[in-house]
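What the coordinates show
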Amino acid sequence: MAATPIAVVTGASSGIGAATARTLAAEGFRVVLTARRKDRIEALAAELNDAGHQATAYALDVTDRAAVDEFATAFRSLAVLVNNAGGALGADPVATGDPADWRQMYETNVIGTLNVTQALLPALTASGDGTIVILSSTAGLSAYEGGGGYVAAKHGEHVLAETLRLEIVGTPVRVVEVAPGMVRTEEFATTRFRGDTEKAAKVYAGVDAPLTAEDVADTIGWAVTRPSHVNIDLLVVRPRAQASNTKVHRTL
């Protein structure tokens, strides 16, 4: 009897990460949930196990390389890694942006993804059929005003995915990049504006049906369950009301 394939999801405490964990669990993976908020991922793991799935929670800060390396020792073989941990801070122009915010976004989105990918690549390769998913953003494909730090970090993550794919071609590991546009989750915009819910709400004001975390998780589930020879290099997903980062239809 074949062992249940394992999927690791970073940033699984809320939003797209949590939705992806639920999607992959439903697809038959044993999911390992990582995030800094231990209580959140333990609650999600309990929910999934109670529903008859297989889930384990592991508190982890992806920017802590020693902790990531220790985490990786638990895996001899791994089917899927979803690099979802990341996020945005602030919406200041380049001229006045806080370098500390830029540094934190780069550390989480780029270095965090690098840390986990490097640490788990041997186990993904050993599986004979591994898949790395990198959750970037349409911010990684084109710039927009007030997004400089986040745009820079996501461009870095996008290039990381492209370069890795070139470097490991010929190995049994796929590299999939999923780049969402406007997604309304419970925390993304609120975190970006440091708890200012009024500012956060304005991001989505008048937009008919922004994407949900479940929409993005559905695309991830689809990408990782394609036949092994099929690689979804880059999947851009936006709501119908959004044509680009700067062109959004609003009814106000």
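The following refers to the structure shown. Being a predicted model, the structure only gives us computed values, none of them experimental. Here the residue numbering is sequential within each chain, running from 1 through the sequence in written order. Whole-chain, interface and lining totals are the exception, using all residues; otherwise, since this is a predicted model, local features are given only for residues with pLDDT of at least 70 and side-chain atom pairs are given and counted only at 80 or more. As a rule here, side-chain values cover all heavy atoms of the structure and leave hydrogens and water aside.

Description of the overall build of the protein
Threshold: Under the DSSP-based scheme used, a helix requires at least four consecutive residues in state H or I and a strand at least two consecutive residues in state E, with every element numbered from the N terminus. It is over C-alpha atoms that the radius of gyration is taken, and the globule rule equals 2.2 Å times the number of residues to the power 0.38. To sort residues, take the accessible area from a 1.4 Å probe on protein chains only and compare it with the maximum for the residue type: under 20% means buried, over 50% means exposed, and anything in between is partly exposed. Residues are treated as being in contact if the distance between any of their heavy atoms lies within 4.5 Å. The method behind every accessible area is Shrake-Rupley, applied with a 1.4 Å probe, and residues are considered shielded solely by the protein chains displayed.
A count of helical and extended segments in the protein gives eight helices and nine strands. Relative to its length of 252 residues, the protein is compact, with a C-alpha radius of gyration of 18 Å against a globular reference of 18 Å. Its C-alpha atoms put the protein at 55 × 40 × 35 Å along the principal axes. Among the 252 residues that make up the protein, the fraction classed as buried is 48%. Sequence-distant contacts in the protein: of pairs separated by 6 or more residues, those separated by 24 or more amount to 72%. Looking at the protein as shown, the accessible area adds up to about 12000 Å², and 53% of this sits on carbon and sulfur atoms.

Examining the packing of aromatic side chains
Going by this rule: Note on aromatic pairs: the rings of Phe, Tyr and Trp (six-membered ring only in Trp) are paired at centre separations within 6.5 Å, and the planes decide the class, stacked below 30 degrees, edge-to-face beyond 60, tilted for the rest.
The full count for this structure, using the stated rule, is three aromatic pairs. Plain terms: the ring middles of Tyr-58 and Phe-71 are 4.7 Å apart, the flat faces sit at 50 degrees to each other, and that makes the pair tilted. Linking Tyr-58 in strand S3 (residues 54-59) with Phe-71 in helix H3 (residues 65-72), this pair joins segments that are 13 residues apart in sequence. Residue classification places Tyr-58 among the partly exposed residues on the basis of a relative accessible area of 32%. Ring geometry for Phe-71 and Phe-75: centres 5.1 Å apart, planes at 70 degrees, overall edge-to-face.

Concerning the environment of Pro-93
Inspection of the secondary structure assignment puts Pro-93 in the loop between strand S4 (80-83) and helix H4 (99-126). Overall, Pro-93 belongs to the partly exposed group, its relative accessible area being 47%.

Observations concerning the packing of H3 against H4
Spelled out, the test is: For helices, the fitted line uses only the C-alpha atoms of the stretch in contact; every axis is such a line through C-alpha atoms, and the angle between N-to-C directions lies from 0 to 180 degrees. Throughout, the term roughly parallel applies to angles under 35 degrees, roughly antiparallel to angles over 145, roughly perpendicular to angles from 65 to 115, and oblique to all others. Here a crossing is taken to be left-handed if its near helix is turned anticlockwise relative to the far helix by less than a right angle, and right-handed if that turn runs clockwise. When residue character is reported, Ala, Val, Leu, Ile, Met, Phe, Trp, Tyr, Cys and Pro are called nonpolar, Asp, Glu, Lys and Arg charged, and the others, Gly included, polar.
Where H3 contacts H4, the two axes come as close as 9 Å, and the packing angle between them is 30 degrees. Between H3 and H4, the interaxial angle falls into the category roughly parallel. In the packing of H3 onto H4, the handedness of the crossing is right-handed. Listed contacts from H4 to Arg-65, Val-68, Asp-69, Phe-71 and Ala-72 of H3 are Asn-115, Val-116, Gln-118, Ala-119 and Leu-120. Per-class residue counts for the contact of H3 with H4 are six nonpolar, two polar and two charged.

Quick word on the sheet that holds strand S2 (residues 30-35)
Put simply, the rule is: Pairing between strands is defined by DSSP: at least two bridges between the two strands are required.
Spatially, the seven strands line up as an open sheet ordered S3-S2-S1-S4-S5-S6-S7, and their pairing is parallel. Here the strands that pair on one side only, and so sit at the sheet edges, are S3 and strand S7 (234-237). Here the average twist between neighbouring strands, direction ignored, is 15 degrees. In terms of strand pairing, S2 meets S3 through six bridges, oriented parallel. Residue pairing across strands places Leu-33 opposite Ala-57, the latter belonging to S3. Here helix H1 (residues 15-26) sits on the sheet in contact with strand S1 (6-9), S2, S4 and strand S5 (130-135), set at roughly 170 degrees to S1. Its contacts with the sheet put helix H2 (residues 38-50) on S2 and S3, and the angle it makes with S3 is roughly 175 degrees.

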